[in-house]
Structures are given as structure tokens and as C-alpha cells.
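Here's the letter readout for the chains.
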There are 2 protein chains.
Amino acid sequence: MARRSDHTREELRRLVLDASRKIVEKEGFRGLRARQIARDIGYTIGTLYNIFEDLDDLVMHMNGETLDALYDTCSDLELTGDPIADLDRLAHNYLEFTQSHAKLWNAVFEHKLPEDRPVPDWFSEKVSMLLAVIERAIAPLFAKEDPEALHQHARILWMSLFGMTSLESTGRLLEGETSMILARTLIRTYVDGLKLSAQNT
Amino acid sequence: MARRSDHTREELRRLVLDASRKIVEKEGFRGLRARQIARDIGYTIGTLYNIFEDLDDLVMHMNGETLDALYDTCSDLELTGDPIADLDRLAHNYLEFTQSHAKLWNAVFEHKLPEDRPVPDWFSEKVSMLLAVIERAIAPLFAKEDPEALHQHARILWMSLFGMTSLESTGRLLEGETSMILARTLIRTYVDGLKLSAQNT
DNA sequence: ATTGAAAATGAACATTGTTCAATATATTTT
DNA sequence: AAAATATATTGAACAATGTTCATTTTCAAT
């Protein structure tokens, strides 16, 4: 068989990614099976491997689209210029997304490429986009001459929030407060600290 | 066969965990195979299942011992009473451990129990021990009447550091500064923020 | 109609974790 | 000492996994 022409290569790609997303949303990342994806889209297993290199590749693209979706919910809010307020709203959007798409978000940090396989540039690029959102929010706290510090602190905030959702959604290692409250406290305290060190310089 | 009496049940348990650790240290968590463990200790696969419920159970115990080891390197340094200095040294020990045992530490957050399987209490207990270390370090910043805040901020610091090592060791999502530097900046900034809010109360 | 190219197939393979009836050994009882 | 009992150990067998690729089918061009 070939060129069933039911779908173009691009449509097929969409079908696969949509099906994968639905499976993960329902069963979790661990429940994702090549045969299940194929069954769901009405093709056979071999077809998956015409479109994606392997499951790792497929998951990277699925996770890439998750990052895209997260970016969309974060980028459409306009900044007020008050870092704490803006970060709060940002964190609010971020956590609302990671919680309402908990299993999908889980896949982002549950999946890991084999060590010998580098993260694709297009994926790192998506992460940079999210970092840039944070940078814009805390930019008012930094002098224009110090883009390095801006960069560094944005990373720290990103990593901290990441650790928060990672630990929360896996359910392991921590219980108690919601990450929403913890994130607010983190932001408030950290930005306070930033203001202080800004005074000292 | 039975009771080869080469090893007691307890010795066997040690053999298995040691072998597992060595495999993970060399091949990474993904490289851990039941058959390999059995081969390495000179027993067959079935024996593993006499000692541990399944691989999940085995890994939980291996990770538990990793937390123990981390606790040991963190708990033996005596506090000066200066939160920033103490946290710095704590983070130093923490990161030195997670970096020199990168693959072992990776296993701690790469492994995830199935959703329907609760984290054992003895494991959560080990995490609490580590949290308590952080709490002791920042305790001077809090009034005795507010153990709640102490608890919360310790958690936030823990989660932030966790996110840092998680992102660093997986190699994904971030590149650039070493986590050692980032951790120092995080601690300095965060504790500055804590001092500020302490003044306000 | 015929041909050529490419998409789709699915049987086959190597590995995986896990089970459990069979077996071998140590201990207890006779 | 021998027989009986209990149990530790075994490893073949199973179901499920991701992946490959020769084969087959279809479409588009000739």
C-alpha cells in the first residue's frame, strides 16, 4: 500500500501528535504505547516510523507542543511593569496550565533522551522563549548594563518553579501546601531579595 | 534449591542494592535491568523477587539509600548560625554530592512509582530529614512562634535546589552557568528577601 | 496501459519485567 | 541415620514492549 492519500504527511503528523497527547492526558506518560497510537489513528505501527524517527523523537515533538501551549498562555498577558505583580500573574498562568494539564506537563520532565542523544536546538529554543517571558517581567529590577544578571535570575526563577511543579505533580517528596501558594511566597521573597541587592549596587 | 546458605536474606539484600547502585552509577538509571542485577550477584532472576516486591520496590530502596547518603554529607557539618553561610555550605555539600553521584541522583527523580502506588512512609521520612537540615540552617531568621513559615521556606529552598539539579543533570532545558553558582545566587537572594520580610513583621 | 516511486503494512525479532511449578537444599523429626 | 518437612532458588514460560524491513499496495507520471 502507499499513498492512501487519506492524509498528507503533514496531516498524519498532526494525527499522531494529537493521538499521543490524548493518550498521555488520559493514561499518563507511562501509558503511551506505539501500538496504541497507531490503532487510534487507524494506521499501523510501521507508519509511525515513517513520520518520526522513534518514540523518543515523537515525545520530543509532543513535549515541544506542550511548551508552545504553555508559552501561549504566558505570553498573551501584558506586563504592568511591577515585577511582583507580573511574576505573580505569570506564575498563576504557569501553574494553572501545569495543573490543568498535569499529565501532559509530567511528560515534559519524565521523558529523557538517552545520554548520547543531544537535545534538539528547536527544543532548547522553545525553552528560551519561556525564559524570555520571565526576563521581561523582572527586567525593571535590573540596570540595562547588566543583562547577565537578568538572565541568571530568570533562570533561577524558572528552575525553582520547575522544581515545584515537578515535585508536586509527581506527588513524591513533598506534601502540604499547594504549589500556587508556595510559588507566590517564592516570588515575593525572591523579588524582595532582588530589590535589596539592587539598592546595594 | 533453597537455602544455599551462601548468604542470609539480609546479605542478599545488600548484594542486590550494591549491584544495582553500581549498574546505575555506570549505565544510568535507564540501564538498570533485572537480569543484569541477578547475573552480577551470581543468583537468578527469581531470587530478586524473593527479596523485593518488584523493580519499583527495589529502586525505591536504592533511592532511599541515596537520600541517606546525601543526608550524611549534609548533617555532619555544624552550623555557625549565619543562615547564608550555613546554607552556602549546605548547598555546596548537596551539589557536590549530586554531581559526583550524578547518575545515582538522577535515579531519584527519574524513577516514578505508578500513580496508584503511594510513596512509602519510610521514604517520605527520609525526605523530611533533609528538609529538617535546611530548616535548622534558616531557623535564626524566624521567630519561634512561626514554625509554619520556617517550614514553608525550607520547602521552597529544597524544591528550588531540586529543580536546579534536576535540570542540570538531565542536561535538558538549560545550559550555561554551573548549578553551584546559581545555587549561591539563589540562596543569597532568597535569604536577603527573608531578612527583609523579617524586618517588616 | 505500463511503469516507477513511495507510502503503508505487519510479521518477526530482541528485550523487557514478572510469574510460578519444579527442584534442591537445610533443618527438624523420627 | 534416615525420613520428612519447609523453604530458598531456579529458570522456562509469558505477555508486552519498541523497532526493523522485505513485501505489498497505491498513486502519479509516462
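Residues numbered from 1 in each chain as written. Chains lettered and ligands numbered in written order. Predicted model: local features only at pLDDT ≥ 70, side-chain atom pairs only at ≥ 80, totals over all residues.

**A closer look at the overall build of chain A**
If you tally the helices and strands in chain A, you get nine helices and zero strands. Secondary structure elements of chain A occur, N-terminal to C-terminal, as α-α-α-α-α-α-α-α-α. Each principal axis of the C-alpha atoms in chain A carries an extent, and together these give about 70 × 40 × 35 Å. Across the 201 residues in chain A, those meeting the buried criterion constitute 36%. Within chain A, counting contacts between residues at least 6 apart in sequence, those at least 24 apart form 66% of the total. (Helix = DSSP H or I, 4+ residues; strand = E, 2+ residues; numbered from the N terminus. Buried ≥ 20, exposed ≤ 12 C-beta atoms within 10 Å, placed from the backbone. Contact = placed C-beta atoms within 7 Å.)

**Overview of the relation of the copies chain B and chain A**
With an axial shift of 0.0 Å and an RMSD of 0.0 Å, the rotation relating chain B to chain A amounts to 180°. Overall, the copies show the geometry of a two-fold rotation axis. A symmetric contact is evident, with 100% of the interface residues of chain B recurring at the interface of chain A. (Least-squares fit on C-alpha atoms with pLDDT ≥ 70 in both.)

**Here we look at the interface of chain B and chain A**
Each partner contributes to the interface: chain B provides 32 residues, whereas chain A provides 32 residues. Every element with two or more residues in the side of chain B that touches chain A is listed here: helix H8 (147-170) and helix H9 (179-200) of chain B. In terms of residue count, H8 of chain B provides more of the side of chain B that touches chain A than any other element does, eleven residues in total. Here the side of chain B that touches chain A is composed, by residue class, of 14 nonpolar, eleven polar and seven charged. (Nonpolar A, V, L, I, M, F, W, Y, C, P; charged D, E, K, R; others polar.)

**Some points on the packing of helix H4 (residues 55-75) of chain A against helix H5 (residues 83-100) of chain A**
All names here are of chain A. Put simply, H4 and H5 touch, their axes get as near as 9 Å, and they point 145° apart. In the packing of H4 onto H5, the handedness of the crossing is right-handed. Residue-level inspection shows Leu70, Thr73 and Cys74 of H4 in contact with H5, the latter providing Leu90, Asn93, Tyr94 and Phe97. A class-by-class count of the residues in the contact of H4 with H5 yields five nonpolar, two polar and no charged. (Axes fitted to C-alpha atoms, helices over the stretch in contact; angles between N-to-C directions. Left-handed = near helix turned anticlockwise from the far one by under 90°.)

**Observations regarding the environment of Leu95 of chain B**
Residues and elements named next belong to chain B. In this fold, Leu95 is placed in helix H5 (residues 83-100). Taking the C-alpha atoms as reference, Leu95 lies 14 Å from Ile134; in sequence the two are 39 residues apart. When residues no more than four places from it in sequence are discounted, the contact partners of Leu95 are Thr165, Ser179, Met180 and Ala183.

**A look at the packing of helix H4 (residues 55-75) of chain B against helix H7 (residues 121-138) of chain B**
Residue and element names in this part refer to chain B. Contact geometry for H4 and H7: axes closest at 10 Å, N-to-C directions at 20°. If you check the angle between H4 and H7, you find them roughly parallel. Crossing of H4 over H7 shows left-handed handedness. In contact with Met60, Gly64, Leu67, Asp68, Leu70, Tyr71, Cys74 and Ser75 of H4, H7 contributes Phe123, Lys126, Val127, Met129, Leu130 and Val133. Classifying every residue of the contact of H4 with H7 gives ten nonpolar, two polar and two charged. (Parallel < 35°, antiparallel > 145°, perpendicular 65-115°, else oblique.)

**Observations concerning the confidence of the model for chain A**
Overall, the predicted model of chain A reaches an average pLDDT of 91, with 92% of residues at or above 70. Of all secondary-structure elements in chain A, the lowest mean pLDDT belongs to helix H9 (residues 179-200) of chain A, at 89, while helix H2 (residues 34-41) of chain A reaches the highest, 98. (pLDDT = per-residue confidence, 0-100.)

**A word on H5 of chain B**
All names here are of chain B. Given a rise of 1.5 Å per residue, 18 residues ought to cover 26 Å, and the 25 Å separating the end C-alpha atoms of H5 matches this to within 8%. Of all the positions in H5, only Pro83, Asp86, Leu87, Leu90, Ala91, Tyr94, Leu95, Phe97 and Thr98 are classed as buried. Here the buried residues of H5 occupy an arc of 160° about the axis, which is enough to place them on one side. Exposed positions of H5 whose direction lies more than 90 degrees from the buried face are Glu96 and Ser100. (Expected span 1.5 Å × (residues − 1). Arc of directions from axis to C-beta.)

**Let's talk about the environment of Ala107 of chain A**
Residues and elements named next belong to chain A. Mapped onto the fold, Ala107 is located in helix H6 (residues 102-110). Classification of Ala107 by C-beta neighbours within 10 Å gives buried; the count is 21. Sequence separation of Ala107 and Met60 is 47 residues, and the distance between their C-alpha atoms is 9.5 Å. Leaving out residues up to four positions away in the same chain, Ala107 has contacts with Val24, Phe29, Val59, Met62 and Asn63.

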